[in-house]
Amino acid sequence: MAKSEGFLERHHFLLRRLHSLTGVVPIGMFLMVHLTTNASIVWGRINGHDGLEGADAAVATFQHEVNFIHSLPALILIEIFGLWLPIAFHSVLGVIYATSSKPNNDRYAYQDNWRYTLQRISGYVGVLFIFYHVATLRWGWSFLIPGGTEWSAEYAASTMAAALQGSTDGFRLGGLLVSAFYMVGVSLLVFHLANGLWTAAISWGLTVSESAQKRWGQVCFVIGVGLMLAAWSAVLGFATLDAASAREVETNMLEKAAAADGDGAAPEHAASHDEDSDHTGG
Amino acid sequence: MTVATTNGTAKRTAAANSRKVRFRIKRCDGPNKLVRWETFELTIAKGENVISCLQKIAANPVTTEGKRSTPVVWDCSCLEEVCGSCTMVINGQARQSCSALIDVIAPDDGDTVTLEPMSKFPVIRDLWVDRSRMFDALKRVKAWVPIDGTYDLGAGPRERPEEQAVRYALSECMTCGCCLEACPQFELAEDESEWDKSFIGAQALSQARLFNLHETGAQLKGDRLETLMGPDGVSECGNAQNCVKVCPKHIPLTESIAAVGRSTTIHAISKWFSGK
Ligand code: SF4
Ligand code: SF4
Ligand code: FES
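Basis of the calculations
- Residues numbered from 1 in each chain as written.
- Chains lettered and ligands numbered in written order.
- Predicted model: local features only at pLDDT ≥ 70, side-chain atom pairs only at ≥ 80, totals over all residues.
- Heavy atoms only, no water.
- Helix = DSSP H or I, 4+ residues; strand = E, 2+ residues; numbered from the N terminus.
- Buried < 20%, exposed > 50% of the residue type's maximum accessible area, 1.4 Å probe, protein only.
- Contact = heavy atoms within 4.5 Å.
- Areas by Shrake-Rupley, 256 points an atom, 1.4 Å probe, with all protein chains shown as cover.
- Lys, Arg positive; Asp, Glu negative; His and termini not counted.
- Charge placed at Lys NZ, Arg CZ, Asp CG, Glu CD.
- Rg over C-alpha atoms; globule rule 2.2 N^0.38 Å.
- Pairing = 2+ DSSP bridges.
- Near = heavy atom within 4 Å.
- Nonpolar A, V, L, I, M, F, W, Y, C, P; charged D, E, K, R; others polar.
- Axes fitted to C-alpha atoms, helices over the stretch in contact; angles between N-to-C directions.
- Parallel < 35°, antiparallel > 145°, perpendicular 65-115°, else oblique.
- Left-handed = near helix turned anticlockwise from the far one by under 90°.
- Phe/Tyr/Trp six-rings, centres within 6.5 Å; stacked < 30°, edge-to-face > 60°.
- Salt bridge = Lys/Arg side-chain N within 4 Å of Asp/Glu carboxyl O.
- Polar contact = N/O pair within 3.5 Å; in protein donor to acceptor, adjacent residues only side chain to side chain.
- Domains from an automatic or database assignment.
- Buried area = accessible area lost by both parts, 1.4 Å probe.
- Core = buried A, V, L, I, M, F, W, Y, C linked by side-chain atoms within 4.5 Å.

(A) Spotlight on the overall build of chain B. Helix and strand content of chain B: nine helices and seven strands. Along the first, second and third principal axes, the C-alpha set of chain B runs to 75 × 40 × 40 Å. Sorting the 276 residues of chain B into buried and exposed places 50% on the buried side. In chain B, once contacts between residues fewer than 6 apart in sequence are set aside, the share between residues at least 24 apart is 67%. For chain B, the accessible area works out to roughly 13,200 Å², and carbon and sulfur atoms hold 53% of it. When the 34 basic and 35 acidic side-chain charges of chain B are each reduced to a single mean position, those positions are 3 Å apart.

The following block contains the structure:
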């Protein structure tokens, strides 16, 4: 204990700055991409996909995005070193740092002071939310999901919808709770990122003057509003998605892909046949 | 002796020139002694401040319950908001008692003024606290211009008026402690050995910036930044920005914090590359 305290103190400045940095890259950048991808369950409706329309197009678009991510090489290494370790580092240090805080909003009820306190609350809730989110959907701890849905990368949208709704055929009470937790969790995390971007610029000394801080604050506000819309679209989009018809779209896509794979394999087959016949012929 | 004042504005006009105000005061006889609350009632004349009221209480320390108490102890010196020694928590927020006018903070008959000592400094007695930690912090960040006085340094460096204007604002700090009292990251440390263990606070950060901006003072810039990169340094600030809102001298503390943040970033990077 005393030793770990010594370590934190000896490397205080570096650790603090790494804590700030990891919040922006990779975690912040990832969150932006992640929310945009997940919001495809809404913008995919407008976009259309492969001749599909409406919710079907959204399901297909989302599936397409998930397929792309799962086609990345060494995905598990990217996840471990690019996400899980940075998030664990940011969370553990963040909780340690937050414990030294003495909120005094009752006496100094300034907006900035509420921002300060909310940054800490959103950190705590965010850690819980991310843990639940990753454990249930990525590590397959489906016993934590009402209805016991297991998320699957092949049936991305339908299983996501079922996880949020608590069943594969519409809302259950447990599903309402999960969806509410998602709304609160993502909203707080978006706030945490937007506010963190603002304060990081002060901590690193990028924005020194009051007017610079204000200008960057406006930019962060716009980023926050944009991400908030994406986050809400994603949660509400999945929470209101019809899991059964989404699964049909996904099954069709799988069949198509399998057929395409078959087609792709066919010439090879033919070639080997030819070879065979060549052999027999020769 | 106890006059139950009707709260409200009905009597306001009648009592305009001789209204009564209650003072709820958090009292403590000394370090580690029990805290108690006492209420006194005074007839207020126009233009009084908290200190003149404390003087009246000292002259006749009888509580609203009719109990004879002791004079309330507080600290003060300049009586014009330049020394900072009379700082206390008035109606929930830290400020100077000499410039806290009763006409402003308790304008109506029957109003109550609550007085407490600052909570982030050890209480010596009643409203009087020990602010030594702030002066110690000034030593830790070497808040001075290094001249040893044994030989003639010649003319000082030339000053640009723009920089002088920035420094002048910072130089107005009176070490009052409001910024520390209001800061959610600054905590009470009773014992001297604990002073460098938790956040040093906006006051010392801003003074470090002041002396880093001075041509000759900048000779100690590296030392100051090293101190402020420590566990109690600038990165302990959580950007709540209460400090800048409560500073009675309107010192741009959040700019100072960001400026020190910038200096430490540059210092750390150049140290990493040059080894110094
Ligand atoms: S900005 Fe920093 S120093 Fe000022 S009140 Fe907030 S945490 Fe304290
Ligand atoms: S910076 Fe302002 S609030 Fe803080 S000690 Fe100096 S004068 Fe007081
Ligand atoms: S007595 Fe000096 S500031 Fe109030």
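(B) A look at the overall build of chain A. Broken down by element type, chain A carries 10 helices and zero strands. If you list the helices and strands of chain A from N to C, you get α-α-α-α-α-α-α-α-α-α. Relative to its length of 282 residues, chain A is extended, with a C-alpha radius of gyration of 24 Å against a globular reference of 19 Å. Seen through its principal axes, chain A has C-alpha atoms that stretch 90 × 45 × 40 Å. Contacts spanning at least 24 positions in sequence make up 67% of the contacts within chain A whose residues lie at least 6 apart. Summed over its atoms, the accessible surface of chain A is roughly 15,000 Å², and 68% of this surface lies on carbon and sulfur atoms. Side-chain charges of chain A comprise 15 positive and 24 negative groups, with the mean position of each set lying 26 Å from the other.

(C) Representation of the pairing of strand β2 (residues 35-44) of chain B within the structure. All names here are of chain B. By the bridge criterion, 10 bridges tie strand β1 (residues 19-28) to β2 in an arrangement that is antiparallel. Along β2, the bridge assignment pairs V21 with L42. Hairpin geometry of β1 and β2 is characterised by an intervening segment of six residues between the two adjacent antiparallel strands and by a positive phi of about 65° at N32.

(D) Structural view of the site of ligand 1. Around ligand 1, the neighbouring residues are C183, Q185, F199, A202, C237, G238, N239, A240, Q241, N242, C243 and I257 of chain B. Tallied by class, the residues present in the shell around ligand 1 amount to seven nonpolar, five polar and no charged.

(E) Layout of the packing of helix α6 (residues 111-137) of chain A against helix α8 (residues 173-203) of chain A. All names here are of chain A. In the contact formed by α6 and α8, the axes pass within 8 Å of each other and the chain directions differ by 130°. With respect to α8, the axis of α6 lies oblique. Handedness of the α6/α8 crossing: left-handed. Taken together, the residues that form the contact of α6 with α8 break down as 15 nonpolar, 10 polar and one charged.

(F) Inspection of the site of ligand 2 at higher detail. In the vicinity of ligand 2, 13 residues are found, and the nearest of them are C173, C176, G177, C179 and C247 of chain B. When its residues are assigned to classes, the shell around ligand 2 shows nine nonpolar, three polar and one charged.

(G) Representation of the packing of aromatic side chains in the model. Residue and element names in this part refer to chain A. Applying the stated criterion to the full structure yields 12 aromatic pairs over all chains. Relative to W141, the ring of F131 lies with its centre 5.7 Å away and its plane at 85°, an arrangement referred to as edge-to-face. You can see F131 sitting in helix α6 and its partner W141 sitting in the loop between α6 and α7 (156-165), a full 10 residues away along the chain. The exposure class assigned to F131 is partly exposed, which follows from its relative accessible area of 42%. W141 sits in the partly exposed class, given a relative accessible area of 32%. Ring geometry for W141 against F143: centres 6.1 Å apart, planes inclined by 15°, an arrangement best described as stacked. Judged by its relative accessible area of 66%, F143 falls in the exposed class.

(H) Fine view of the pattern of salt bridges. All names here are of chain B. What the rule picks out here adds up to 25 salt bridges over all chains. For D29, the salt bridge goes to R36, with nearest N and O atoms at 3.4 Å. Given a relative accessible area of 28%, R36 falls into the partly exposed group. What emerges from the salt-bridge pattern is a single network uniting R27, D29, R36, E38, K67, R125 and D126.

(I) Molecular detail of the environment of D223 of chain B. Residues and elements named next belong to chain B. Inspection of the secondary structure assignment puts D223 in helix α7 (residues 221-228). Residue classification places D223 among the partly exposed positions, given a relative accessible area of 35%. Considered as a pair, D223 and R140 are 83 residues apart in the sequence and their alpha carbons are 9.3 Å apart. One polar contact links D223 to K142, side chain to side chain, over a distance of 2.9 Å.

(J) Examining the environment of V178 of chain A more closely. Residue and element names in this part refer to chain A. Relative to the helices and strands, V178 is located in helix α8. On the basis of relative accessibility, which here comes to 8%, the residue V178 falls in the buried class. For the pair V178 and N252, spaced 74 residues apart in sequence, the C-alpha to C-alpha distance is 29 Å. Residue contacts for V178: discarding those within four places in its chain leaves Y132, P146, A163 and L164.

(K) Spotlight on the domain arrangement of chain B. Residue and element names in this part refer to chain B. Split by domain assignment, chain B resolves into domain 1 (15-128) and domain 2 (131-274). Once you take the C-alpha centre of each, domain 1 and domain 2 turn out to be 32 Å apart. Counting from both sides, the interface comprises 15 residues of domain 1 and, opposite them, 16 residues of domain 2. Summed over both partners, the interface of domain 1 with domain 2 comes to about 1,400 Å²; 58% of that surface belongs to carbon and sulfur atoms. Considering only the surface of domain 1 that becomes buried against domain 2, K120, F121 and P122 emerge as the three largest contributors, covering 45% of it.

(L) Representation of the pairing of strand β5 (residues 112-116) of chain B in the model. Residue and element names in this part refer to chain B. Within β5, four of the five residues are buried, which leaves the element mostly enclosed by the surrounding structure. Summarising the sheet, strand β3 (residues 87-90) and β5 pair through two bridges and their orientation is antiparallel. From the neighbouring strand, I90 faces β5, where its bridge partner is L115.

(M) Quick look at the nonpolar core. Counting 44 residues, the largest nonpolar core has I41, L164, Y182, F238 and L241 of chain A as the members making the most contacts within it. Where this core is concerned, the elements lending two or more residues are α2 (12-38), α4 (54-70), α6, α7, α8, α9 (210-239) and α10 (243-281) of chain A together with α9 (253-274) of chain B. Broken down by element, the residue count for this core peaks at nine residues, all from α8 of chain A. Look past the residues within four positions of Y182 of chain A in its chain and what remains in contact with it is F129, Y132, H133, L137, M160, L164 and V235 of chain A. V141, F199, A208 and C237 of chain B belong to the second-largest nonpolar core, a separate cluster that totals 31 residues.

(N) Quick look at the sheet that holds β2 of chain B. Residue and element names in this part refer to chain B. Within the open sheet, the five strands sit side by side as β2-β1-β5-β3-β4. Their pairing is mixed. Of all the strands in the sheet, just β2 and β4 (93-96) have a single pairing partner and so form its edges. Each neighbouring strand pair of the sheet contributes to a mean axis angle of 35°, computed without reference to strand direction. Where β3 lies against β4, four bridges are found, and the strand directions are antiparallel.

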